[in-house]
Structure formats: structure tokens, C-alpha cells
Amino acid sequence: PEGRGLGIVTQSGGAGVLMADRAEETGLMVSELSPQTRAQLAAVIPAFGTTGNPVDVTGQFVSDPNLLLDSMRIMMSDPQVHVGIVWLQLMDAHVDHLIDIFAKIKDLISKPWVVCWVAAPEAALAKMRSKGIPVLRGADPAVDAVAALVRYAEARRHWLDDAPSRAALKLPDLDLPAQPGPVSSLEGRALLHSCGVNTAAAELAVTADDAVTAAEALGYPVVLKIESPDILHKTEARGVVLNLKDAAAVRSAFAQLIANARQYKPDARIKGVLVQKMAAGEVELVIGLKRDPVFGPVVMVGLGGVLIEVFKDVVFRAAPVTEGEALRMLDELKSRVVLDGVRGKPPVDRIALAGMICAVSQFGVAAGPRLAELDLNPVLAGPQGVTAVDWLMVFD
């Protein structure tokens, strides 16, 4: 299909409404037929039928199955209709005639379409499929199949359009850690920077004095985070303190983080405290990688930051991705409108955000099968760019 415009022909108005509702849920667009198309339909459909979309040919279809041929031919010729579904039920006495009509429709119409034949006899299904006519027995499966076909067509077009950009991608040359396990924040930051991922400035402090020195070098306000290979999820250990504005606050937070870490996991290996410059952004996102046993490295983007598991608004792609594919990932997020700015907030820099998704995806491919996990969470996006403020990287 060249688009998402769906046309429906049924012998039942109720079935048409249900299918139209399902179509909207799956992202299809129930096309509005042109006045010319509706006039042509009115000339062949009974007056008590419906010439809008869904087109209802009514029970008259039982006595005159040719109504189906004319209605499908007219509806599918509308330029706003890209793919069609015809719905019918029973019709055991007209099986051979219907199959002949469907065969004629197949010859007349170049656009894709499927048949939803409720309670179709097995013999009818076999004959239809032998003629290359797709047929299903339920309304929802028929709509879902069309939606999948449309998504595949769109993905294929994008894949072909992106071929030059994909060929131009260059993977970074990474110096991976020799040992398995979680990577320290600073080592992970260096690896991310080597492939173009922007992260918040940071320094490691092993004493409170070191933390103050780092904070003054970075510039207030700062964030302090516990640094331990045994505490990977810092917020659960109360291992993060935000918006520290002076030396006294830094000293107090340093002592508190060490105490919290000891209480959370007494045997944890504590390497010190990470001091970071506070980063700005309008929207919190998550960008990550995982290794799928079938597709290999897969890149993910989602909205929500610490609430990612609540919102579950995420999109996945096989890595690496081009900038165009990364932008389409953002468009598929359910809450994508947040990226455009709400309640007076400015829109985020989508190009910068897409660039980070691309860079992370290339990192995943370059790192190879040793990369077990990579999470950038949160990633702060705003009108001036995108910054990863926390990252978890684990190697096998």
C-alpha cells in the first residue's frame, strides 16, 4: 500500500463500524470517499445502503452478489483508499459465484485488499487461497493483517530510502574493557564520548575535600552520586543528591551518600562519589541497547526517565539506525507531543536527540556481542541539545 487509507465494504453496517473502530486503534485511517466516488456508489447500492466509508451494500448482496464487484471496483478507485477489506458472512449457497467475483476483483484492482469471510466453508477458504486471494474469518484479524501489511510497506520504503545514509554509517573504533562486568562511570563516559554521545561533565571524588574541589571546578550547582560496581541502580540506594549549590552542601551530601550506601549494601565496594555538573533539559528520556538473540543489537528510546517502567512508552529498532530512522522512532512514541513543547515549554532539539540515538546504535554494533547492557537514563532533552546524565554499561 502507498498509504494508510483503508476502504471497507460490508454487508452489515454494524460490522463496518466495529472494523472502523479497530482500524483507528491500529493506526489505519478510514478514508473519506470523494463526492464522485459516493455518487458512483449510490448508482449501484440500494437506497437504504451506505455510500460512505465503510460502504454497506446491505442484505441485498445475498440476492445480487455482483453488488460486491461493483462496490469494490468503485471504492478502490478512490485516490484516498490505499488498501481494502471486504466483509461478508455465511453465503454457503453462493460460494462458487463469490469466488468467481473475487477472482474478477483481483484482476480488476491493482491495490491490495483482503477478504473477511465469517464462517466461510473450508472448501471456500482453500479455493480462495489457491487463487492468491487472502481471506480471514474474523474482523479484527483482518484489520490487524492489513495494519501489519501497511507497516511492512512503510518500513520497506523507509529502508530503501535510507540505503545511502545506511551505507555512509561508520562504526567507531572502541577500546573495550578487558574485564567483564559493569564499567565505571568515567570509563563509560569516555567510551560514549568516543562515539559522539554527549554526557554531563563529571569527576570522581574519594573524599569530601575532593568533592568540593571537583564541584568548584565544574561550577555550581552540582549533583553527587555514589560510585560502586555493586550499586548499579543508585536511586534505589538513595545514592543521588541533586542541586547542591555550595561547598557545605557538597560536604554534607558526600557523607550522607556514603552512609546510605553502607546501609543499603554493607559489603558494597565503594569507589567514591561522582560529582557532576547539573544539566538542563525540558524532557526526560531513556536511550538503551540490548542484544536480541535473533536481531542482534537493538536500540531503544522511551519517555519517562525514572518513570519509564510506569509509562512503558518505548520504541525499538535493530541497530544501527540512520538519523531518518531515529526521527521516525521519536514519531512513534505515544507521548511524542511532549517533545514539541507543552504549556509554554519550548520544543526539544529532535535532530540532536536523533543523533544520540544513532550514536548509541552504532556503539552497540561496534561493541559486538560482549556488550550485555547499556542504559542512558535519564537523557535530558531541550531546545539547546541533549545530554545523558546517567549511564549504566555492562560487558560480558
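Here the structure is a predicted model, which is why all the values come from computation and not from measurement.

Chemist: Describe in detail the overall build of the protein chain, supporting the description with residues and values.
Modeler: Along the backbone of the protein chain there are 14 helices and 17 strands. In terms of overall dimensions, the protein chain has a C-alpha envelope of 90 × 45 × 40 Å along the principal axes. For the protein chain, buried positions account for 47% of its 396 residues. Carbon and sulfur atoms make up 54% of the accessible area of the protein chain, which totals about 18800 Å². Of the side chains in the protein chain, 38 bear a positive and 46 a negative charge, and the two mean positions are spaced by 1 Å.

Chemist: So, unusual backbone geometry: which residues are in play, and what are the values?
Modeler: The omega torsion of the bond from N53 to P54 falls at 10 degrees, within 30 degrees of zero and hence cis. By the element assignment, P54 lies in the loop between α2 (35-42) and β3 (55-56). A cis amide bond links A319 to the next residue, P320, at an omega of 0 degrees. Tracing the backbone through its elements, the reader meets P320 in the loop between β14 (313-318) and α13 (323-332). Backbone geometry places N243, a non-glycine residue, at a positive phi of 55 degrees. By the element assignment, N243 lies in strand β10 (residues 240-244). Despite not being glycine, R343 shows a phi value in the positive range, around 50 degrees. Among the structural elements, R343 can be located in the loop between α13 and α14 (350-367).

Chemist: Residues and numbers for the side chain of E325, please.
Modeler: When you line up the elements, E325 lands in helix α13. If we ignore the near neighbours within four places in the chain, the residues touching E325 are H158, D162 and R317.

Chemist: Which residues make up a nonpolar patch on the surface, and what values do they have?
Modeler: A cluster of nonpolar side chains, contributed by V306, L307, V310 and F311, occupies part of the molecular surface with about 410 Å² of accessible area. Inspection of the secondary structure puts V306 in the loop between β13 (296-303) and α12 (308-311).

Chemist: Let's hear about the nonpolar core: which residues, and what values?
Modeler: With 40 residues, the main nonpolar core has I287, F363 and L376 as its most contacted residues. Looking at this core, the elements with two or more residues in it are α9 (185-194), β12 (283-292), β13, α13, α14, β15 (371-382), β16 (385-388) and β17 (391-395). Per-element accounting of this core gives the leading share, nine residues, to α14. Residues in contact with F363, not counting those within four places in the same chain, are L174, L191, C195, L289, L371, L374, M393 and F395. Judged by nonpolar contacts, the second largest core, of 33 residues, contains L33, L41, W113 and V115.

Chemist: Talk me through the pattern of salt bridges; I want residue IDs and the actual numbers.
Modeler: Using the criterion set out here, one finds 16 salt bridges in the structure. Residue R269 pairs with D230 through a salt bridge whose shortest N-O separation is 2.9 Å. In this pair, R269 sits in the loop between α11 (247-264) and β11 (272-277) while D230 sits in the loop between β9 (222-227) and β10, placing the two residues 39 residues apart along the sequence. Connected through salt bridges with shared partners, the residues D162, R317, E325, R328 and E332 form a single ionic network.

Chemist: Before we move on, can you summarise the packing of helix α5 (residues 95-108) against helix α6 (residues 122-130) with the specific residues and values?
Modeler: The geometry of α5 relative to α6 is characterised by a closest axis approach of 11 Å and an angle of 20 degrees between their N-to-C directions. One finds that α5 runs roughly parallel with respect to α6. Considering the relative orientation of α5 and α6, their crossing is right-handed. Where α5 abuts α6, its residues V95, D96, I99 and F102 lie against A124, K127 and M128. Broken down by class, the residue content of the contact of α5 with α6 amounts to five nonpolar, no polar and two charged.

Chemist: Please provide a residue-by-residue account of the environment of A15, values included.
Modeler: By the secondary structure assignment, A15 is in helix α1 (residues 13-25). On the basis of relative accessible area, A15 is assigned to the buried category, the value being 11%. Sequence separation between A15 and E154 is 139 residues; the distance between their C-alpha atoms is 27 Å.

Chemist: Go over α1 with me, naming the residues and quoting the values.
Modeler: Along its 13 residues, α1 runs 19 Å from first to last C-alpha, staying within 8% of the 18 Å computed at 1.5 Å per residue. Those residues of α1 hidden inside the fold are in contact with β1 (5-10), β2 (29-30), β4 (83-89) and α7 (139-161). Looking one or two residues past α1, G27 carries a phi angle of roughly 95 degrees, positive in sign.

Chemist: Can you explain helix α10 (residues 208-218)? Please cite residues and give values.
Modeler: Residues A211, V212, A214, A215 and L218 constitute the buried set of α10. Buried residues of α10, seen end-on, are gathered within an arc of 165 degrees and therefore sit on one face of the element. Residues of α10 that are exposed and angled more than 90 degrees away from the buried face: T213, E216 and A217. Taken together, the buried residues of α10 touch β8 (202-205), β9, α11 and β11. In the stretch just after α10, G219 is the one whose phi turns positive, near 100 degrees.

Chemist: Lay out the side chain of T58 in plain terms, naming residues and giving numbers.
Modeler: Of note, T58 is situated in the loop between β3 and α3 (60-63). For T58, the contacting residues outside a window of four places in its chain are T10, Q11, P46, F48 and G49.

Thresholds applied
Residues numbered from 1 in each chain as written. Predicted model: local features only at pLDDT ≥ 70, side-chain atom pairs only at ≥ 80, totals over all residues. Heavy atoms only, no water. Helix = DSSP H or I, 4+ residues; strand = E, 2+ residues; numbered from the N terminus. Buried < 20%, exposed > 50% of the residue type's maximum accessible area, 1.4 Å probe, protein only. Areas by Shrake-Rupley, 256 points an atom, 1.4 Å probe, with all protein chains shown as cover. Lys, Arg positive; Asp, Glu negative; His and termini not counted. Charge placed at Lys NZ, Arg CZ, Asp CG, Glu CD. Contact = heavy atoms within 4.5 Å. Patch = residues over 30% accessible without salt bridge, like charges linked within 9 Å, V, L, I, M, F, W, Y side chains within 5 Å. Salt bridge = Lys/Arg side-chain N within 4 Å of Asp/Glu carboxyl O. Core = buried A, V, L, I, M, F, W, Y, C linked by side-chain atoms within 4.5 Å. Axes fitted to C-alpha atoms, helices over the stretch in contact; angles between N-to-C directions. Parallel < 35°, antiparallel > 145°, perpendicular 65-115°, else oblique. Left-handed = near helix turned anticlockwise from the far one by under 90°. Nonpolar A, V, L, I, M, F, W, Y, C, P; charged D, E, K, R; others polar. Expected span 1.5 Å × (residues − 1). Arc of directions from axis to C-beta.

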